[in-house]
Amino acid sequence: MASPRPPRPSSGGVVGILRSRRARVCLGVVAGLAVLALAGPVVFVQARAADHMYTADDVPATPVALVFGARVYEDGTPSQFLRARLDLAAELYAAGSVEVLLVTGDGRPDHHDEPAAMSRYLVEQGVPETAIVQDPAGFDTYDSCVRADEVYGVRELTVVTQSFHLARAVTTCRSVGIEAVGVGDTSVKSRRTTWAKTTVRDQLAAMKTVVDLVTDRQPLLGPPDDAVPKALANSPTP
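Participant: Hey, could you go over the confidence of the model for the protein chain for me, with residue numbers and the actual values?
Facilitator: Taken over all residues, the pLDDT of the protein chain has a mean of 88, while the share at 70 or more is 83%. Note that pLDDT drops below 50 for residues 29–35; the model gives that stretch zero contacts with residues more than four away or on any other chain.

Participant: Please set out the packing of aromatic side chains residue by residue, giving values where relevant.
Facilitator: Counted by the stated rule, this structure contains three aromatic pairs. Judged by centre distance (6.4 Å) and plane angle (50°), the ring pair of Phe81 and Phe164 falls under tilted. In this pair, Phe81 is assigned in helix α2 (residues 80–94) and Phe164 in helix α5 (residues 163–175), connecting sequence segments 83 residues apart. For the residue pair Phe81 and Phe164, the accessibility class agrees, reading buried in each case. An angle of 85° between the planes, with centres 4.9 Å apart, marks the rings of Phe164 and Trp195 as edge-to-face. In this pair, Phe164 is assigned in helix α5 and Trp195 in helix α6 (residues 192–215), connecting sequence segments 31 residues apart. Ring pairs connect the aromatic residues Phe81, Phe164 and Trp195, which therefore count as one cluster.

Participant: Run through the environment of Gly184, naming residues and quoting values.
Facilitator: Structurally, Gly184 is set in strand β6 (residues 179–185). The class for Gly184 is partly exposed, based on a relative accessible area of 21%. Linking Gly184 and Tyr54, residues 130 residues apart in sequence, is a C-alpha distance of 7.6 Å. If we skip the residues at most four places from it in the chain, Gly184 touches Tyr54, Leu88, Thr161, Gln162, Ser163 and Leu166.

Participant: Tell me about the pattern of salt bridges, residues and numbers included.
Facilitator: In total, this model carries eleven salt bridges according to the counting rule given. Where Arg147 meets Asp135, a salt bridge forms, and the shortest distance between an N and an O atom there is 2.8 Å. With Arg147 in helix α4 (residues 141–150) and Asp135 in strand β4 (residues 132–135), the pair connects residues that are twelve residues apart, well separated along the chain. Accessibility expressed as a relative area gives 1% for Asp135, which makes it buried.

Participant: Break down a nonpolar patch on the surface for me, with residues and values.
Facilitator: On the surface, Val200, Leu204 and Met207 cluster together into a nonpolar patch covering about 250 Å² of accessible area. Relative to the elements of secondary structure, Val200 occurs in helix α6.

Participant: Pulling in residues and values, what's your account of the pairing of strand β2 (residues 64–68)?
Facilitator: Most of β2 sits out of view: five of its five residues are buried. Residues Val64, Leu66 and Phe68 line one face of β2 and the alternating positions Ala65 and Val67 line the opposite face, and both faces are buried. In the sheet, β2 pairs with strand β3 (residues 100–104) via five bridges, with the strands oriented parallel. Along β3, the bridge assignment pairs Leu66 with Leu102. For the segment spanning β2, α2 and β3, crossover handedness is right-handed. Looking at chain direction, β2 and strand β5 (residues 156–162) are connected through four bridges and run parallel. Directly across from Val64, in β5, lies its bridge partner Leu157.

Participant: Requested: an account of the packing of α2 against helix α3 (residues 114–124), with residues and values cited.
Facilitator: One can describe the packing of α2 onto α3 by two numbers: an axis separation of 10 Å at closest approach and a directional angle of 50°. By the angle between their axes, α2 is oblique relative to α3. Classified by chirality, the crossing of α3 by α2 is right-handed. Facing α2, whose interface residues are Leu82, Arg83, Leu86, Asp87 and Ala90, α3 presents Met118, Tyr121 and Leu122. Grouping the constituent residues of the contact of α2 with α3 by class yields six nonpolar, no polar and two charged.

Definitions and limits used
- Residues numbered from 1 in each chain as written.
- Predicted model: local features only at pLDDT ≥ 70, side-chain atom pairs only at ≥ 80, totals over all residues.
- Heavy atoms only, no water.
- pLDDT = per-residue confidence, 0-100.
- Contact = heavy atoms within 4.5 Å.
- Phe/Tyr/Trp six-rings, centres within 6.5 Å; stacked < 30°, edge-to-face > 60°.
- Helix = DSSP H or I, 4+ residues; strand = E, 2+ residues; numbered from the N terminus.
- Buried < 20%, exposed > 50% of the residue type's maximum accessible area, 1.4 Å probe, protein only.
- Salt bridge = Lys/Arg side-chain N within 4 Å of Asp/Glu carboxyl O.
- Patch = residues over 30% accessible without salt bridge, like charges linked within 9 Å, V, L, I, M, F, W, Y side chains within 5 Å.
- Areas by Shrake-Rupley, 256 points an atom, 1.4 Å probe, with all protein chains shown as cover.
- Pairing = 2+ DSSP bridges.
- Right-handed = clockwise from strand over helix to strand, strands pointing away.
- Axes fitted to C-alpha atoms, helices over the stretch in contact; angles between N-to-C directions.
- Parallel < 35°, antiparallel > 145°, perpendicular 65-115°, else oblique.
- Left-handed = near helix turned anticlockwise from the far one by under 90°.
- Nonpolar A, V, L, I, M, F, W, Y, C, P; charged D, E, K, R; others polar.

Listed below in C-alpha cells is the structure:
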C-alpha cells in the first residue's frame with residue numbers, strides 16, 4: 001500500500017514566507033538608504049572643509065574670527081565648551097591672526113544672551129571691547145554663516161569652534177560665499193561622554209546643513225550692519 005503524500009503547504013504559509021522575505025528586503029533597502037542619507041552629507045562636509053582646517057599655530061591670518069556660541073548658564077557664565085572656544089579666539093587675537101571677533105549665538109533671554117556673555121568673557125581675557133561685535137541672531141550654524149556674509153559684510157574669516165563642529169562650520173561658510181578657514185578646540189576632549197554625544201549629534205546635523213544649503217533657506221536677517229568694518233577700522237591691533 002502506497003504511503004500517503006505529505007500535506008502541501010497551505011497558500012497562507014507560502015504567502016507568509018514570501019511576505020517575510022519581501023519585508024527583509026524592504027528593511028535592508030530602507031537601512032541602506034538611511035546609511036546613504038547620513039553618510040553622503042558627512043562626506044560632503046568633511047571633503048569641502050578638508051584643506052581649510054588648521055591649528056592655532058599655522059592658521060592663515062584673516063580680518064575676522066567667527067566664534068560660535070554654546071551653552072550659557074543662568075548666571076551668565078559660559079559653559080566649559082564655550083569658554084574653550086573663547087579662549088582660542090582670544091589666543092588668535094593676541095597672536096595677530098585676527099583683528100575682530102564676531103561672536104554669534106542666540107541672544108534671546110531664555111538662552112541667557114550668548115553673545116553678550118561671550119563678549120563679557122573676552123573682555124575679561126584682555127580683548128578690547130572695540131574689537132568685539134555681537135550677532136544676537138545666530139540661532140544655528142547656517143544662520144550665523146549667512147548673517148556674517150549678508151548682514152555684517154564679512155568676506156573672509158576664521159571659524160572658531162570645537163573640532164567636531166569645525167568641518168561643518170567651515171563648509172557652511174564657504175558654501176554661502178565666504179572665504180573661510182577654521183581652527184578647532186580640542187581642550188575639552190577630556191570630557192569623553194559629552195564630547196562623544198556632541199560629535200554624534202554634529203554628524204547627524206550634517207543632513208540639515210545640506211538641506212539648508214540646497215534649499216537656500218533664508219534666516220532672520222534684517223538690515224545690513226556696519227559694526228564689523230567699524231571695528232576693523234578702530235580696534236587696536238595687538
